[in-house]
Amino acid sequence: MIRFFFILNLICSLVFVITLIAAGADPSRYWLFSISSLLVPIIIVIHILFAVFWLLIKWRYAISSILLLIFAIPQLRLMVAFNDSSIEGKCSNSAFTVMSFNLYGLKNIKIAGDQNQALSIPKFLSFIRQHNPDILCVQENNFYADEAITKSALYPYTHFDIQHGASIYSRYPIIDKGFVEFGRKTNSCLWADILVDGKKIRFYSVHLESNRVSKDVETITDKEDDPERLAIVRRMLRNYKNSSIIRAQQTKMILDHAQTAKNPVVIAGDFNDTPFSYVYSLLSEKYKDSFLERGSGFGSTFVGALPGLRIDFVWGGKKHFEFCFHRVLSTSFSDHNPILVKLYSRI
């Protein structure tokens, strides 16, 4: 039995090394390796379990897993943040708050109807008022959700177009606005130049291409003996491949557009990719991830068919912003939990 587990450990170690090397690969060139962005957290957990198992059974066999975990510290850092969430970073008086929230069209409220008083428009607006973001960047918006937010009179300035699911609501004046056209109906990006305490800052609300695998995951989970499972898995891989390539293209479009901005830039939204992806590596070249700066714990934002993923981010230009705090807020209004951050411009 020990021999079996040792061989299994060696196989997992080989997969671990390949996965770490492949993480962040360009999906247009190495699409199969792009799947590693989903596997890295799982394989890290497996090796932690192996390390604990061997330390209890035969400690020498734990060495390989421990060494690999040490080698994977940079990836662990992307998974787990160890900032003290009870302490705000030194913050300027000019700091402002941003919330990024994929609303899922507030479908959970629609479905609940009058059956669940905890899921209602008044409760949703109470939640927004409680956390009081100065800038609200929304994804998967629609007339139903927009009407609720607009009628609340929380935000006098709005950038919303029904053809684009992303939106921006602001307490500060919007002095210019526009779109980064993806040519897609369900995913979008828009921007607004906002005058925050006399400083013009450009904000992007982003919803990158969806993987479209949630229904397939639910099918596989619910019907374990389904003879079509292999075909479903193949379809999931094909969808993930195509979506990964599209997300990489969309990210490059956003970065190219942001490059033309004369003001500091904040990019917020649902990126549908993990911190081990090519999309994340592109963004992290010039922008700070608020979670790494001020987050705590695992910071997962998706609570849908594949829960535990961190796919929603708020990015601030490395040269321009400092983050004071980062919170992931637990709600039942959507299949995403919103992010609330506080930051200020150093310029």
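The paragraphs below set out a description of the structure included in this document. Everything quoted here is computed from the prediction, not taken from an experiment.

**Focus: a nonpolar patch on the surface**
A contiguous nonpolar surface patch, about 680 Å² in accessible area, is contributed by Leu55, Trp59, Ile63, Ile66, Leu67, Ile70 and Ile73. It is helix α4 (residues 63-71) that provides the largest number of residues to the nonpolar patch, a total of four residues. Within the secondary structure layout, Trp59 lies in the loop between α3 (36-57) and α4.

**With respect to the state of the cysteines**
In the structure shown here, the tally under the stated rule is one disulfide. Shown here is the disulfide that connects Cys91 with Cys324, its sulfur atoms set 1.7 Å apart. Disulfide Cys91 to Cys324: torsion about the S-S bond roughly 80 degrees, handedness right-handed. Here Cys324 lies in strand β13 (residues 321-328) and Cys91 lies in the loop between β1 (81-82) and β2 (96-102), a separation of 233 residues in the sequence. Of the residues examined, Cys324 reaches a relative accessible area of 0% and is grouped as buried. Residue Cys137 stays outside any disulfide, its sulfur separated by 9.9 Å from that of Cys189, the closest cysteine.

**Some points on the pairing of strand β8 (residues 199-207)**
Most of β8 sits out of view: seven of its nine residues are buried. Bridge count between strand β7 (residues 188-196) and β8: nine bridges; the pairing is antiparallel. Looking at β8, one finds that Leu195 is bridged to Lys200. Hairpin connection of β7 to β8: two residues between the antiparallel strands, including Asp197 at a positive phi of 50 degrees. With six bridges joining them, β8 and strand β9 (residues 265-270) adopt parallel strand pairing.

**Quick look at helix α8 (residues 143-151)**
Among the residues of α8, those classed as buried are Ala145, Asp146, Ala148 and Ile149. Buried residues along α8 cover an arc of 160 degrees about the axis, so they all sit on one side. In α8, those exposed residues whose orientation departs by more than 90 degrees from the buried face are Phe143 and Lys151. In this fold, the buried residues of α8 make contact with α7 (121-131), β3 (135-139), β4 (157-161) and β5 (164-170). The distance from a side-chain oxygen at the start of α8 to the backbone nitrogen of Tyr144 is 3.2 Å, and the residue carrying that oxygen is Asn142. Positive phi appears at Ala153, one or two residues downstream of α8, with a value of about 60 degrees.

**Comments concerning the environment of Ile347**
Relative to the elements of secondary structure, Ile347 occurs in the segment after β14 (339-345). Given a relative accessible area of 57%, Ile347 falls into the exposed group. In this structure, the C-alpha to C-alpha distance between Ile347 and Pro264, residues 83 residues apart in sequence, is 8.4 Å. Here Ile347 is in contact with Lys199, Pro264 and His320, once residues within four sequence places are set aside.

**Observations concerning the sheet that holds β7**
The six strands are arranged β6-β7-β8-β9-β12-β10 in an open sheet whose pairing can be described as mixed. Two strands in the sheet have a free side with no partner beyond their single neighbour: β6 (174-180) and β10 (287-289). Strand-to-strand twist in this sheet, taken as the mean axis angle between neighbours without regard to direction, amounts to 20 degrees. Helix-sheet contacts for helix α10 (residues 229-259) involve β6, β7, β8, β9 and β10, and the interaxial angle to β8 is about 170 degrees.

**Some points on the sheet that holds β3**
Within the open sheet, the six strands sit side by side as β4-β5-β3-β2-β14-β13. Their pairing is mixed. Edge positions in the sheet fall to β4 and β13, since each of these pairs with one other strand and no more. Strand-to-strand twist in this sheet, taken as the mean axis angle between neighbours without regard to direction, amounts to 15 degrees. In the sheet, β4 pairs with β5 via five bridges, with the strands oriented antiparallel.

Rules used in this analysis
- Residues numbered from 1 in each chain as written.
- Predicted model: local features only at pLDDT ≥ 70, side-chain atom pairs only at ≥ 80, totals over all residues.
- Heavy atoms only, no water.
- Patch = residues over 30% accessible without salt bridge, like charges linked within 9 Å, V, L, I, M, F, W, Y side chains within 5 Å.
- Areas by Shrake-Rupley, 256 points an atom, 1.4 Å probe, with all protein chains shown as cover.
- Salt bridge = Lys/Arg side-chain N within 4 Å of Asp/Glu carboxyl O.
- Helix = DSSP H or I, 4+ residues; strand = E, 2+ residues; numbered from the N terminus.
- Disulfide = S-S within 2.5 Å.
- Buried < 20%, exposed > 50% of the residue type's maximum accessible area, 1.4 Å probe, protein only.
- Pairing = 2+ DSSP bridges.
- Arc of directions from axis to C-beta.
- Contact = heavy atoms within 4.5 Å.
- Polar contact = N/O pair within 3.5 Å; in protein donor to acceptor, adjacent residues only side chain to side chain.
- Axes fitted to C-alpha atoms, helices over the stretch in contact; angles between N-to-C directions.

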